[in-house]
Structures are given as C-alpha cells and as structure tokens.
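Next come the chains, spelled out residue by residue.
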Amino acid sequence: RKEVEQDPGPFNVPEGATVAFNCTYSNSASQSFFWYRQDCRKEPKLLMSVYSSGNEDGRFTAQLNRASQYISLLIRDSKLSDSATYLCVVNNAGNMLTFGGGTRLMVKP
Amino acid sequence: DAGVIQSPRHEVTEMGQEVTLRCKPISGHNSLFWYRQTMMRGLELLIYFNNNVPIDDSGMPEDRFSAKMPNASFSTLKIQPSEPRDSAVYFCASSLRAGTNEKLFFGSGTQLSVL
C-alpha cells in the first residue's frame, strides 16, 4: 500500500462547478499535511497547508480527518486556471515529505 | 529573489555516460532536497541535506547515484553510469529550515533523457 494515495483522475468539470479531492495516508503518526499544485511541465508549488480544524483560502477549503486518515480539498466556483495536478503531501517526521501521485483536474469552459 | 535555480533544464545523454545536475538553493535556506518525478512513481525523495550535511539518503536508488553539498549555495546530483531507467524530471527544492511545517520551494527541474 502506498503511503499517500490519491485518485489520479482526471476530473473533468465545467467552469463554476464545485469539485472535491480526497487523499488517504497510511502512517497514523503523520504530523503535518499540505496540498501542492503542479501545472503541466512545471514545478510543484504550495497551495495550502491543512490544519486539524480545517482551513479556507478563498475558493479553496482543506480538511483533515485524523481518525480516518484522509485529507480533502474542495474547490468552489472552478476557474479555467484551476486546471492542474493537485498533490497531497504528508510530513511524517522531520522534513520527510511524502507526495501522493496527484489528482489531475481539467476545468472546461 | 531568484528562487531555486537548477541546471541544466534539459539533458540528453547516452547510456553509460556520467550526468551531473546542479542546484542553487534560495539564499538563507538551510535545507535542500533532491526529488525525482516519473509518470509511474510520482515524486520521490532521493536525499535531503540540512546545513550542508546529508540527513537521509535512503531514497537514493543505487550506488550509481551520489549527491554533494559542498557549501550552503550549491549542490550536485551525479549519476554514473547513467541508464535509460534514470530518465525522469529531477527537482531540487529548499526550505528555510528543517521542520514539519516548512514550505518547500522547488526549482524548475532538469528533464533527463538517457538513450
């Protein structure tokens, strides 16, 4: 079983739609969690951290469920520019970041 | 701030040749990471340094791979001899310090093709 698992997609949604991605992790001792965004042929960039209480940044909402060991990302009012691959990232100890395989999102006009 | 700088952007080489990838982290960042990305395996951590010292190299696939960080502003990842299965995008990343909540800044990557 992979340490961090994501549905690879692609998720094809129309502009304005709401879309949600989930990610599961295997290490119950994982300490911190993030979503990174990676555009085609570009480097990953931090989208947002994921806090236990859940957090929101504009149209993006991240939530953590430690009991079930999953993380979610909700995108409201999807824009064409949201098309990218979204990487779920888990930090188990120190600086050992483990990346999921990514979920590809395609927003269509 | 120039960000993390990697060179070359693209490298095409023949099997058996030595390949050296270079990275300049963001000035003032104390942690540096080398990742490899492929379609099949996603992003894999190869090695990371803290204050120029290798902390964990358990992700280095085999002895053909080696990494050095002679000073705070430069690191290399060397593959000798290279093989076709080493073809991937190699990313270097840095963070301000070691810690569970530190943001990683990635370079633009080196696309390596071994023929």
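Since we're looking at a predicted model, the values are computed, not measured.

A.B. asks: Whenever I open this one, the sheet that holds strand S3 (residues 19–25) of chain A confuses me. Can you help?
C.D. replies: Within a sheet, neighbouring strands are paired by backbone hydrogen bonds and run either parallel or antiparallel to one another. Residues and elements named next belong to chain A. Within the open sheet, the five strands sit side by side as S1-S3-S8-S7-S6. Their pairing is antiparallel. A single partner strand is all that each edge strand has here, and the edge strands are strand S1 (4–6) and strand S6 (55–57). Within the sheet, the average angular offset between the axes of one strand and its neighbour, ignoring direction, is 20°. In the sheet, strand S7 (residues 60–65) pairs with strand S8 (residues 70–75) via six bridges, with the strands oriented antiparallel. What sits directly across from Asn 65, in S8, is Tyr 70.

A.B. asks: Even after reading the chapter, I still don't get the state of the cysteines, so can you show me in this structure?
C.D. replies: Evaluation of the coordinates by the stated rule reveals two disulfides over all chains. One disulfide bridge connects Cys 23 of chain A with Cys 88 of chain A, the sulfur atoms lying 2.0 Å from each other. Residues Cys 23 of chain A and Cys 88 of chain A are joined through a disulfide that is left-handed, its torsion about the S-S bond being -70°. Note that Cys 23 of chain A is positioned in strand S3 and Cys 88 of chain A in strand S9 (residues 84–91), a separation of 65 residues in sequence. The pair formed by Cys 23 of chain A and Cys 88 of chain A is uniform in burial state, with each residue classed as buried. Across a sulfur-sulfur distance of 1.9 Å, Cys 23 of chain B and Cys 92 of chain B are joined as a disulfide pair. Given an S-S torsion of about -65°, the disulfide between Cys 23 of chain B and Cys 92 of chain B has left-handed geometry. Of this pair, Cys 23 of chain B sits in strand S3 (residues 19–24) while Cys 92 of chain B sits in strand S9 (residues 88–95); the two residues are 69 residues apart in sequence, bridging distant segments of the chain. When sorted by exposure, Cys 23 of chain B lands in the same class as Cys 92 of chain B, which is buried.

About the cut-offs
Residues numbered from 1 in each chain as written. Chains lettered and ligands numbered in written order. Predicted model: local features only at pLDDT ≥ 70, side-chain atom pairs only at ≥ 80, totals over all residues. Heavy atoms only, no water. Pairing = 2+ DSSP bridges. Helix = DSSP H or I, 4+ residues; strand = E, 2+ residues; numbered from the N terminus. Axes fitted to C-alpha atoms, helices over the stretch in contact; angles between N-to-C directions. Disulfide = S-S within 2.5 Å. Buried < 20%, exposed > 50% of the residue type's maximum accessible area, 1.4 Å probe, protein only.

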